[in-house]
Amino acid sequence: MKLIFLGPPGAGKGTQAERIQAAHGLVQLSTGDMLRAAVAAGTEVGKQAEALMARGDLVPDEVVVGIIADRTEQPDCSNGYILDGFPRNVAQAEALDKMLASHGAKLDAVIELGVEDSILLARIEKRAAETNGSARADDNAEALKKRLAVYHEQTAPLIGYYKNVGILTTVDGMKEMDEVTAEIEAALELKEKDNAS
Ligand code: AMP
């Protein structure tokens, strides 16, 4: 299965992707995690990404598309994966479509986690307080506002993009964590039945 988890920063994509990947033998591919690792390792990609990430801007499309193209070719991805934080705009979604088509593959489902902005702000502030601001350079009110604005401007159009293809399922990300997981599982089961029939 090839899945996308779509949603604003702090919606719980990472947490939910971790749960679902374990249950389905998939690999969670978080471009944010990969970029943070590149920054920590001081690679060329990391140097290119560091300042953009700290202020909540997107890293250039060709950088993240290249990362995903390489990563999805690895043997551990052969059973499928969950893209968490990618694509972030329509250009990346189109690049992904091309990449998959060139391998005769396609996406199985896009799960959108819907959460209101006010709740996201509260979640991120809590995360920043818990980690004392040390874990992520972009977990502060200013960068978060930027990340939310970028989400609404550039990433939210993907909801319509995938709705048109007929593979979007929207889940209420404001429910309890376990309930959200159960809703995602139910959506995936439906997709699997659809695919089998
Ligand atoms: P995340 O962990 O998904 O919230 O991503 C953290 C930061 O990494 C984002 O604010 C961007 O600066 C960068 N980033 C992650 N994924 C992408 C992507 N697909 N395209 C561009 N920038 C990205």
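The rules behind these values
Residues numbered from 1 in each chain as written. Predicted model: local features only at pLDDT ≥ 70, side-chain atom pairs only at ≥ 80, totals over all residues. Heavy atoms only, no water. Axes fitted to C-alpha atoms, helices over the stretch in contact; angles between N-to-C directions. Helix = DSSP H or I, 4+ residues; strand = E, 2+ residues; numbered from the N terminus. Contact = heavy atoms within 4.5 Å. Nonpolar A, V, L, I, M, F, W, Y, C, P; charged D, E, K, R; others polar. Near = heavy atom within 4 Å. Polar contact = N/O pair within 3.5 Å; in protein donor to acceptor, adjacent residues only side chain to side chain. Areas by Shrake-Rupley, 256 points an atom, 1.4 Å probe, with all protein chains shown as cover. Core = buried A, V, L, I, M, F, W, Y, C linked by side-chain atoms within 4.5 Å. Buried < 20%, exposed > 50% of the residue type's maximum accessible area, 1.4 Å probe, protein only. Pairing = 2+ DSSP bridges. Patch = residues over 30% accessible without salt bridge, like charges linked within 9 Å, V, L, I, M, F, W, Y side chains within 5 Å. Salt bridge = Lys/Arg side-chain N within 4 Å of Asp/Glu carboxyl O. Lys, Arg positive; Asp, Glu negative; His and termini not counted. Charge placed at Lys NZ, Arg CZ, Asp CG, Glu CD. Expected span 1.5 Å × (residues − 1). Arc of directions from axis to C-beta.

Caption draft 1: Examining the packing of helix α7 (residues 141-155) against helix α8 (residues 157-165) more closely. One can describe the packing of α7 onto α8 by two numbers: an axis separation of 5 Å at closest approach and a directional angle of 35°. The residues of α8 that touch α7, namely those facing Y151, H152, E153, Q154 and T155, are P157, L158 and I159. In terms of residue class, the contact of α7 with α8 is built from four nonpolar, three polar and one charged.

Caption draft 2: Up close: the site of the ligand. Around the ligand, the surrounding shell holds 16 residues, and the nearest of these are T31, R36, D57, G85 and Q92. At a separation of 3.0 Å, an oxygen atom of the ligand approaches a polar side-chain atom of R36. Between the ligand and the protein, one listed contact pairs an oxygen atom with a side-chain N or O atom of R147 at 3.4 Å. Within the complex, the protein chains bury 96% of what would otherwise be the 480 Å² of accessible surface of the ligand. It is helix α2 (residues 31-41) that contributes the most residues to the shell around the ligand, four residues altogether.

Caption draft 3: Main features of the nonpolar core. Grouped together as the largest cluster of nonpolar side chains are 31 residues, with contacts concentrated most on L96 and Y162. The set of elements that each furnish at least two residues to this core consists of β1 (2-6), β2 (27-30), α2, α3 (44-54), α4 (61-72), β3 (81-84), α5 (90-102) and α8. The leading source of residues in this core is α4, at five residues. Within the second largest apolar cluster, 18 residues are counted, among which are A17, I111, V115 and L188.

Caption draft 4: Quick look at the sheet that holds β3. Strand order in the open sheet formed by five strands is β2-β3-β1-β4-β5, with parallel pairing between adjacent strands. The outermost strands of the open sheet, each flanked by one partner alone, are β2 and β5 (168-172). Each neighbouring strand pair of the sheet contributes to a mean axis angle of 20°, computed without reference to strand direction. Sheet topology note: the β1/strand β4 (residues 109-114) ladder contains four bridges and is parallel.

Caption draft 5: Structural detail: the side chain of S30. Relative to the elements of secondary structure, S30 occurs in strand β2. For S30, the side chain forms a polar contact with the main-chain nitrogen of D33, separated by 2.9 Å. Excluding anything up to four places from it in sequence, S30 contacts R36 and D84.

Caption draft 6: Layout of a negative patch on the surface. On the surface, a cluster of negative charge is made up of E116, D117, D172, E176 and E179. Along the chain, the position of E179 falls in helix α9 (residues 177-196).

Caption draft 7: Layout of helix α6 (residues 117-130). For α6, which comprises 14 residues, the first-to-last C-alpha distance of 20 Å matches the rise-based estimate of 20 Å (1.5 Å per residue) to within 8%. All of the buried residues along α6 are L120, I124 and A128. Projection of α6 onto a plane perpendicular to its axis shows the buried side chains occupying an angular sector of 70°, all on one side. Along α6, exposed side chains directed more than 90 degrees from the buried face belong to K126, A129 and E130. Elements that come into contact with the buried residues of α6 comprise α7.

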